[in-house]
Amino acid sequence: YDENTGLHPVWGRLPATALVMSDFPKAETLLYMDTDAMLANADNTPTSMYEALARAHQTNVTLQTLKPSLIVNKPMKGWLCKKQCDKYGLGHGCFNSGVLLWRRSDGARLILRAWWESRLDNTTQNFHHETGEWFQGWGTDEHAKRNYGYKMSEQNRLMYIYHTNPAVQSRVLPVPKQLGPRKSASCPEVVDATTTPCLQNDDEHNRRWNRSNWNCFINHHANEKNILYRYYDRIINPPLWS
């Protein structure tokens, strides 16, 4: 947490990504994961993930997203879906930024620059509802010391620039594109043949491991970090019977 600006540590993923792109010039595909995310199958590489997702979820090949600069997954279900994205009509532009799959490109640099510059947006630059409410996490959270001090502020800003900056939107591929049972464009709700492959699964009740199909590449334990620690413990110290 930056005491001078109030910038939450979650924003660190942006300069870190720019630094990695600079320090590893031969890397074409880069994967960012939160510390509470884990690969569902170690056989998949960032490149194979990118190729599978870009191939499966393209809906308009005339857009620059034929080779998207950024692939980001929608939340599966829950509070962010019903109370925020569906309520504010965000459609396909509802993201969980805990896992980000980048392709080295001018488009990636454009997204990073626009996203980073948005950190100091004022409270008028937000999604508004007819009831007078604002999208949670930007200028409305009483616990945030400043607008950008909230833990979901960078995720909020990515969704905002996706909806307001055509250059950003044309370079971002939200996945999956298929609608879920509720016909919500924001949240697929299920992991099945119509919504996979997907980049990440943040639904703690519907995770799959080491499946050849109907699988997300990464399981995200945002609400149950202790489970992830147990998984790592079993990897490092496997039981004798395994």
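The model shown is predicted, which means the values in this text are computed figures rather than measured ones.

## Here we look at helix 1 (residues 13-23)
Among all positions of helix 1, only Arg 13, Leu 14, Thr 17 and Met 21 are buried. For helix 1, the buried positions fall inside an angular range of 105° around the axis, keeping them on one side. In helix 1, those exposed residues whose orientation departs by more than 90 degrees from the buried face are Leu 19 and Ser 22. Contacts made by the buried residues of helix 1 are with strand 1 (29-33), strand 4 (99-103), helix 4 (106-117) and helix 5 (153-164).

## Quick look at the confidence of the model for the chain
In regions of low pLDDT, the predicted coordinates are not meant to be interpreted in detail. Here the chain shows a mean pLDDT of 82. Residues at 70 or above account for 79%. In the model, residues 140-146 has pLDDT below 50 throughout and makes 11 contacts with residues more than four positions away in sequence or in other chains.

## Thoughts on the sheet that holds strand 4
Spatially, four strands are ordered 1-4-3-5 in an open sheet, and the strand pairing comes out mixed. Every interior strand has two partners, whereas the edge strands, strand 1 and strand 5 (172-175), have only one. Adjacent strand axes in the sheet meet at a mean angle of 20°, parallel and antiparallel pairs treated alike.

## Topic: the environment of Glu 130
As for its position among the elements, Glu 130 is in the loop between helix 4 and helix 5. Considered as a pair, Glu 130 and Tyr 88 are 42 residues apart in the sequence and their alpha carbons are 9.2 Å apart.

## Overview of the sheet that holds strand 2 (residues 37-39)
Strand order in this open sheet of three strands is 2-7-6, and the pairing throughout is mixed. Bordering the open sheet on either side are strand 2 and strand 6 (198-201), each of which pairs with just one other strand. For this sheet the average axis-to-axis angle between neighbouring strands, irrespective of direction, equals 25°. In this structure, strand 2 lies alongside strand 7 (residues 216-220), joined through three bridges in antiparallel fashion. Residue pairing across strands places Ala 37 opposite His 220, the latter belonging to strand 7.

Criteria and thresholds
- For every chain, the first residue of its written sequence is number 1, and the numbers climb from 1 along that sequence.
- This being a predicted model, a pLDDT of at least 70 is required before a residue's local features are given, and a value of 80 or more before pairs of side-chain atoms are given or counted; all residues contribute to the totals for chains, interfaces and linings.
- Side-chain calculation: all heavy atoms of the structure are included, whereas hydrogens and water are not.
- A simple rule labels every residue: compare its accessible area, found with a 1.4 Å probe on the protein chains alone, to the largest value its type can have, and call it buried under 20%, exposed over 50%, or partly exposed in between.
- Going along the chain from the N terminus, every DSSP run of H or I of four or more residues is numbered as a helix, and every run of E of two or more is numbered as a strand.
- Arc definition: directions from the helix axis to the C-beta atoms.
- In this analysis, two residues are considered to be in contact whenever any of their non-hydrogen atoms come within 4.5 Å of each other.
- Confidence of the predictor at the level of single residues is given by pLDDT, which spans 0 to 100.
- At least two bridges found by DSSP between two strands are what make those strands a pair.
- Between the N-to-C directions of two axes lies an angle of 0 to 180 degrees, each axis being a line fitted to C-alpha atoms and, for a helix, fitted only over the stretch in contact.

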